[in-house]
Amino acid sequence: MSEGGCQTRLLVACYCGLRLSDVYALKWKDLSQDGEQWRASVVMQKTTTPIFLPLSGQAVKWLPERGEAKDEENVFEGLIAEPNINKVLAKWTKAAGITKKITFHCTRHSFGSLHVEMGTDMAVIQAYMGHKNITTTQIYSKMAAQQMCEVVDKITLKRKEA
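Note that this is a predicted model, so its numbers are computed, not measured. (Residues numbered from 1 in each chain as written. Predicted model: local features only at pLDDT ≥ 70, side-chain atom pairs only at ≥ 80, totals over all residues. Heavy atoms only, no water.)

1. Description of helix α6 (residues 122–129)
To keep things clear, this is the line we draw: Each residue is placed in one exposure class: buried if its accessible area under a 1.4 Å probe, protein chains only, is under 20% of its type's maximum, exposed if it is over 50%, and partly exposed if it falls in between. Helix and strand labels come from DSSP, where a helix needs a run of H or I of at least four residues and a strand needs a run of E of at least two; each type is numbered from the N terminus. As used here, the arc belongs to the directions running from the helix axis to the C-beta atoms.
Of the positions making up α6, those classed as buried are I125, Q126, Y128 and M129. With its buried residues spanning 165 degrees around the axis, α6 presents them on a single face. Backbone geometry just downstream of α6 places G130 in the positive-phi region, at approximately 75 degrees.

Here's what the structure looks like:
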């Protein structure tokens, strides 16, 4: 696998929250455009949940050129389920001085966590990530201490005077 191919899939996953298996399964027929908005129709490999994802401009920017590819061809043609992708990531993280183990699946966790931090509604995150149960999505709601301090005084109850 080329490192450029790894980078492309990694960045698409970062902007979409897709699992590696869903990135590999993505076919050109699954992508559509409505005006300026691109969408991906995906049946999640793990959960068999069908989802219809609007794609950010950043995600679209990292899609490969279609060229003469047919509808049934994979968007990332020739890049089928290669276990070496995490080895490439390990090489990159080591070169960057990162000691934490980083895997492709970390892109999904980052997607969910960043949306929580930005205040995206949990139900929206759940739908986007294809979670069947909201409790799975709530795993991403580990708020930073600063954020918790900011919200602690938002609710006030006034005592009724007698």
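2. Things to note about the side chain of D22
Rules: By the convention used here, residues are in contact when the closest approach between their heavy atoms is within 4.5 Å.
Within the element layout of this structure, D22 appears in helix α2 (residues 20–25). Ignoring sequence-local partners within four residues, the contact set of D22 consists of V42, V43, M44 and Q45.

3. Let's talk about the sheet that holds strand β2 (residues 37–43)
Whether parallel or antiparallel, the strands of a sheet pair through hydrogen bonds between backbone atoms. Stated precisely, the cut-off is as follows: A strand pair is defined by DSSP finding two or more bridges across the two strands. In this description, a line fitted to the C-alpha atoms serves as the axis of each element, helices being fitted only across the stretch in contact, and the angle between N-to-C directions of two axes falls anywhere from 0 to 180 degrees.
One open sheet accounts for 3 strands, arranged β1-β2-β3; its pairing is antiparallel. The open sheet has two edge strands, β1 (31–34) and β3 (50–55), and neither has a second partner. Going across the sheet, the axis of each strand differs from the next one's by a mean of 25 degrees, ignoring polarity. Judged from the 4 bridges that link them, β1 and β2 form a sheet pairing that is antiparallel. Directly across from S32, in β2, lies its bridge partner R39.

4. Concerning the pattern of salt bridges
Which entries qualify depends on this criterion: Basic side-chain nitrogens of Lys or Arg form a salt bridge, by our definition, when they fall within 4 Å of a carboxyl oxygen of Asp or Glu.
Tallied over the full model, the rule gives 3 salt bridges. As a salt-bridge pair, K29 and E72 come within 3.3 Å of each other at their nearest N and O atoms. One end of the pair, K29, is in the loop between α2 and β1; the other, E72, is in the loop between α3 (57–61) and α4 (85–95), with 43 residues separating them in the sequence. A salt bridge links D71 to R66; its shortest N-O distance comes to 2.5 Å. When its relative accessible area of 32% is taken as the criterion, R66 is described as partly exposed.

5. A word on the nonpolar core
Applied cut-off: Residues belong to a common nonpolar core when they are buried Ala, Val, Leu, Ile, Met, Phe, Trp, Tyr or Cys residues joined through side-chain atoms within 4.5 Å.
Within the largest apolar cluster, 32 residues are counted, with the highest numbers of intra-cluster contacts made by L18, L31, V42, L55, L63, V75 and F104. Where this core is concerned, the elements lending two or more residues are α1 (3–16), α2, β2, β3, α4, α5 (106–117) and α6. By residue number, the principal contributor to this core is α1, which donates 5 residues. Discounting residues that sit within four places of it in the chain, L31 has contacts with L26, W38, R39, A40, L55, L63 and V75.

6. Some thoughts on the packing of α5 against α6
What counts is decided by this rule: Each angle receives one of four descriptions, namely roughly parallel if under 35 degrees, roughly antiparallel if over 145, roughly perpendicular if within 65 to 115, and oblique otherwise. Less than a right angle of anticlockwise turn of the near helix away from the far helix marks a crossing as left-handed, whereas a clockwise turn marks it as right-handed. Charged means Asp, Glu, Lys or Arg here, nonpolar means Ala, Val, Leu, Ile, Met, Phe, Trp, Tyr, Cys or Pro, and polar covers whatever is left, Gly included.
In the contact formed by α5 and α6, the axes pass within 10 Å of each other and the chain directions differ by 160 degrees. Classed by the angle they form, the pair α5 and α6 counts as roughly antiparallel. The handedness of the crossing between α5 and α6 is right-handed. For the pair α5 and α6, contact is made by R108, F111, G112, H115 and V116 and by M122, I125, Y128 and M129, respectively. Among the residues making up the contact of α5 with α6, the classes are represented as 6 nonpolar, 2 polar and 1 charged.

7. Some thoughts on unusual backbone geometry
Although it is not a glycine, T48 adopts a positive phi angle of roughly 55 degrees. For T48, the position within the fold is in the loop between β2 and β3. Classification of T48 as exposed rests on a relative accessible area of 58%.

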